[in-house]
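Structural overview
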Amino acid sequence: MWLSGLEELTQNMLTIKSIDFEYETLKLEYIIPEKKHSYKPDFIFPSKDNPKMIIETKGRWVDE
């Protein structure tokens, strides 16, 4: 299930180009002072080396 149109377009492009990827399979933790947070980046590319390549797609942000 794709959460945005841009994620779907990215998935289609990667598939057409036969590029292997994983979708939201990695959970990254981060800290904003005094709080622990996490998020799942969209596309994770398999790699024998660390770190893996990660792509987070973001659409256009429009102020109303």
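Note that the structure is predicted; figures quoted are calculated from it, not measured.

This paragraph deals with the packing of aromatic side chains. Tallied over the entire structure, the rule returns three aromatic pairs. Considering the side-chain rings of phenylalanine 21 and phenylalanine 43, the 5.3 Å spacing of their centres and the 70 degrees angle between planes classify their relative orientation as edge-to-face. A residue pair is termed long-range when its members are at least 10 positions apart, and phenylalanine 21 in the loop between helix H1 (5-16) and strand E1 (22-23) and phenylalanine 43 in strand E4 (residues 43-45) qualify at 22 residues. Of the residues examined, phenylalanine 21 reaches a relative accessible area of 22% and is grouped as partly exposed. Judged by relative accessible area, phenylalanine 43 falls into the buried class, the value being 0%. Ring pairs connect the aromatic residues Phe21, Tyr23 and Phe43, which therefore count as one cluster.

In this structure, serine 18 is a non-glycine residue whose phi angle is positive, near 55 degrees. Notably, glutamate 24 is not glycine yet its phi reads approximately 50 degrees, a positive angle. By secondary structure assignment, the location of glutamate 24 is in the loop between E1 and strand E2 (28-32).

Attention now goes to the side chain of threonine 57. As for its placement among the helices and strands, threonine 57 is situated in the segment after strand E5 (53-55). Accessibility expressed as a relative area gives 11% for threonine 57, which makes it buried. At 2.9 Å, the side chain of threonine 57 and the side chain of aspartate 42 are in polar contact. Aside from chain neighbours lying at most four places away, what touches threonine 57 is Leu6, Glu7, Thr10, Asp42 and Phe43.

We now examine the pairing of strand E3 (residues 35-39). Pairing analysis gives five bridges linking E2 to E3, with the strands arranged antiparallel. The residue of E3 that forms the bridge with tyrosine 30 is histidine 37. Here E2 folds back onto E3, and the loop between the two strands holds two residues, one of which, glutamate 34, carries a positive phi near 75 degrees.

The rules behind these values
- Residues numbered from 1 in each chain as written.
- Predicted model: local features only at pLDDT ≥ 70, side-chain atom pairs only at ≥ 80, totals over all residues.
- Heavy atoms only, no water.
- Phe/Tyr/Trp six-rings, centres within 6.5 Å; stacked < 30°, edge-to-face > 60°.
- Helix = DSSP H or I, 4+ residues; strand = E, 2+ residues; numbered from the N terminus.
- Buried < 20%, exposed > 50% of the residue type's maximum accessible area, 1.4 Å probe, protein only.
- Polar contact = N/O pair within 3.5 Å; in protein donor to acceptor, adjacent residues only side chain to side chain.
- Contact = heavy atoms within 4.5 Å.
- Pairing = 2+ DSSP bridges.

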